[in-house]
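Close look at the chain arrangement
Listed here are the chains, written in short residue letters.
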Amino acid sequence: MDKAIEIKNLTKSFKNVPVLKGINLDVERGTILALLGPNGAGKTTTVRILSTLIQPDGGEVFINGYNAVKNPNSVRASIGLTGQYAAVDEYLSGYENLVMLGRLYHLNYADAKKRATELLEQFDLVEAGGRIAKTYSGGMRRRLDLALSLIATPPILFLDEPTTGLDPRSRLAMWAIIEQLVQAKTTVLLTTQYLEEADKLANSIAVLHNGTIIAQGTANELKDKVGKERLEITIAEGHNFKQAVSAINGQAISSDEKKRLISIATSGAVSEIKRVISLMENHNIEIEALSLHKPTLDDVFLNLTGHKTTKESEEE
Amino acid sequence: MALSNYHSYKSADEHHSKLYWLVHDLSIFIGRSLKHIFKNTDQLLGLTIQPIMFMLLFRYVFGGAINTGPISYVNFLMAGILVQSVAFGALTTSLSVATDLQRGIIERFKSLPTISWGVLMGHVTADLVRNIIQAIIMISVGLLVGFHPTATLWQWVEITGIVLLFTFAISWVAAIMGLVAKTIEAVQWMGFFLVFPLTFASAAFAPTSSMASGLRIFAQNQPVTHVIEAIRALMIGTPVGNHAWLAVIWCLGIIIVSIPTAGYLFRRYSGR
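Notes on the structure follow. What you see is a predicted model, and the numbers here were worked out from it, not measured in a lab. (Residues numbered from 1 in each chain as written. Chains lettered and ligands numbered in written order. Predicted model: local features only at pLDDT ≥ 70, side-chain atom pairs only at ≥ 80, totals over all residues. Heavy atoms only, no water.)

**Some details on the sheet that holds strand 3 (residues 32-36) of chain A**
All names here are of chain A. Condition: Any two strands with at least two DSSP bridges between them are considered paired. A helix here means a DSSP run of H or I that spans at least four residues, while a strand means a run of E at least two residues long, and both kinds are numbered starting from the N terminus. To get an axis, a line is fitted to the C-alpha atoms, and for a helix only the part in contact is used. The angle between two axes follows their N-to-C directions and goes from 0 to 180 degrees. In what follows, residue pairs with any heavy atoms lying within 4.5 Å of each other are defined as contacts.
Strand order across the open sheet formed by 6 strands is 6-7-8-3-9-10, with mixed pairing between neighbours. Edge positions in the open sheet fall to strand 6 (79-82) and strand 10 (212-217), since each of these has one partner strand only. Strand-to-strand twist across the sheet, computed as the mean angle between neighbouring axes with direction ignored, equals 15 degrees. Pairing of strand 7 (residues 156-160) with strand 8 (residues 187-192) involves 5 bridges; the strand directions are parallel. Bridge assignment links Leu159 to a residue of strand 8, and that residue is Leu190. Sitting on the sheet, helix 1 (residues 43-50) is in contact with strand 3, strand 6, strand 7, strand 8 and strand 9 (204-209), with an inclination near 150 degrees to strand 8. Docked against the sheet, helix 5 (residues 138-149) engages strand 6 and strand 7, running at close to 165 degrees with respect to strand 6.

Here's what the structure looks like:
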């Protein structure tokens, strides 16, 4: 298989604190890989090493076949990078930002201008194209930021939390764009904190936790590990919560006595839900509320590591 | 929305030499910073209003109280206020560098197959252009309020040369400050503590002979004074002494030290 990105035993520490503890990862050409993890897992550090912004302590990285440490300029010519913060020049217009970047990628001037116009159309920025970027909304800046990383039509794209902080509408728009990129055979590595996002976009998901990859596979493979759906039941006041938990008998993923909430992994099939209900009825325990929802990143982590993702330190 | 034209643009890298691309990329970074002068309205206002305010403030408010002997105060003042505004103007370079770091655009430039340090060169070059504009405004206002230069055309060329050399030197120091400070707030206080004493404890606004001995020794021997006295000598014919060649040596020395330092800090910088 043709690998666009190859990571072998990658390590990195900051001030003697290990952030990446030996990561191995391959991304096939033309596919999209989601690096899923909470804050502080090492996602941004990984992207920064892959895009030659920082050097690894150990291991090897090949991007488009080029060694990221030995041939950084060849790597840079093969990639586009969109970081967590919209890195646009606030005092230039959207159009000027695009043309400037195109020329820094050494497109000829006519091509840079043509491509800039094309991207403004594709990213719904035609009207704003002539205004300085300082006047743009958050969503517009993000779109311009992504457009900037596409100016030279790089075969490989790194997107570091492309939708964090976006409103739902902008998030959907961003997803549509990313899906089109993959249809155009771009290789994409994106980082995200949202399982839903990884599920929607990625061919393959790698779960990063404390600097190591603790699980890897397709969205379905990961979900099979955690159950496709979450069934949550709230036990009515005055009924024995502990008895309810023991009746579920180990199928409960988590239980919260204060909220009187029990969470159960399920396929979502009606028969399974019926079974839980009748189980409670048999024990004379009343269910106050019942809900089904998709597993979250927390659920995946709970299953894989046995503890929640929250209360992690901030990403460096 | 379709990305059908995707993958149809190729870099023209092979069509030109490395030197061509070096000049090409530098010109883009310089063009970027020059555009900032005119698109950043705060900067543009500071650039035009501030020199006029300072000129009038010193000429009319403080000028009467400062004894400059046989030389009229406005004639004495011109060289000093010109150099002071150059030094304060350099802080724009610090601010631009710190802003670029904070906004993450330097990260973006570093991920490109280009000479990303060109971004510093761009800001320094914009400083040269800004200072020429500012100097023209200042001298014009000076002429309106009684400034009588004796400089010949050739001496004006020399004055321009010294102003540009000093701008270039102090602007690289300012770039270093921007790289070290990293935030706009830090630039502001760093600038205050560095530029304030260097410009006010100098021969800019009052003769150094009137200062207390400790201050006088500092004021007479620091680079800003040499630059001011060299320009003053050319402008109104005061004795030049050792100031001219000391000014040039100081500026060249600062440039030789500060460019590699800025380059080192720029490469080493990794992340906000």
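**Some thoughts on the interface of chain A and chain B**
Let me state the cut-off plainly: Summed over both partners, the accessible area (1.4 Å probe) lost when two parts come together is defined as the buried area. Any carboxyl oxygen of Asp or Glu that lies within 4 Å of a side-chain nitrogen of Lys or Arg is treated as forming a salt bridge with it. In protein, a polar contact means a hydrogen-donor-capable atom and an acceptor-capable atom, both N or O and within 3.5 Å, with residues adjacent in sequence counting only if both atoms are side-chain atoms; elsewhere, any N or O pair within 3.5 Å suffices. Three categories are distinguished: nonpolar for Ala, Val, Leu, Ile, Met, Phe, Trp, Tyr, Cys and Pro, charged for Asp, Glu, Lys and Arg, and polar for the others, with Gly belonging to the last.
Chain A puts 49 residues into the contact, and the matching count from chain B is 36 residues. Between chain A and chain B, a total of about 4000 Å² is buried, with carbon and sulfur atoms accounting for 58% of that surface. Sorting the residues of chain A by area buried against chain B places Tyr91, Leu104 and His106 of chain A first, and these three jointly supply 19% of that buried surface. Linking chain A with chain B are 6 salt bridges, by the criterion used here. Between Arg48 of chain A and Glu107 of chain B there is a salt bridge whose closest N-O contact spans 3.0 Å. Counting every contact that joins chain A to chain B gives 12 residue pairs in polar contact (both at pLDDT 80 or more). Classifying every residue of the side of chain A that touches chain B by side-chain character gives 26 nonpolar, 12 polar and 11 charged.

**Let's talk about the sheet that holds strand 12 (residues 252-256) of chain A**
Residue and element names in this part refer to chain A. Ordered by their spatial adjacency, 4 strands build an open sheet running 12-13-11-14, and the pairing between neighbours is antiparallel. Where the open sheet ends on each side, the last strands, each with one partner, are strand 12 and strand 14 (287-293). Ignoring strand direction, the axes of neighbouring strands in this sheet form an average angle of 15 degrees. Where strand 11 (residues 229-235) and strand 13 (residues 261-266) come together, 6 bridges link them in antiparallel fashion. Bridge pairing links Thr234 to Leu261 in strand 13. Strands strand 11, strand 12 and strand 13 of the sheet are contacted by helix 9 (residues 241-248), whose axis makes an angle of about 10 degrees with strand 13.

**Here's the deal with the pattern of salt bridges**
Applied cut-off: In this scheme, a residue with accessible area under 20% of its type's maximum is buried, one over 50% is exposed, and one in between is partly exposed, where area comes from a 1.4 Å probe on protein chains only.
Under the definition given, this model contains 17 salt bridges over all chains. Taking the shortest distance from any N to any O, the salt bridge between Arg115 of chain A and Glu118 of chain A comes out at 2.9 Å. You can see Arg115 of chain A and its partner Glu118 of chain A sitting in helix 4 (residues 109-122), 3 residues apart, about one turn around the helix. Of the two residues, Arg115 of chain A and Glu118 of chain A, both sit in the buried class. Ionic pairing is found between Arg108 of chain B and Asp145 of chain A, a salt bridge with its closest N-O pair at 2.3 Å. Of this pair, Arg108 of chain B sits in helix 5 (residues 105-110) while Asp145 of chain A sits in helix 5, on two different chains. Across this residue pair, the class does not change: Arg108 of chain B and Asp145 of chain A are buried. Counted as one network, the salt bridges with shared partners bring together Asp89 of chain A together with Arg32 and Asp100 of chain B.

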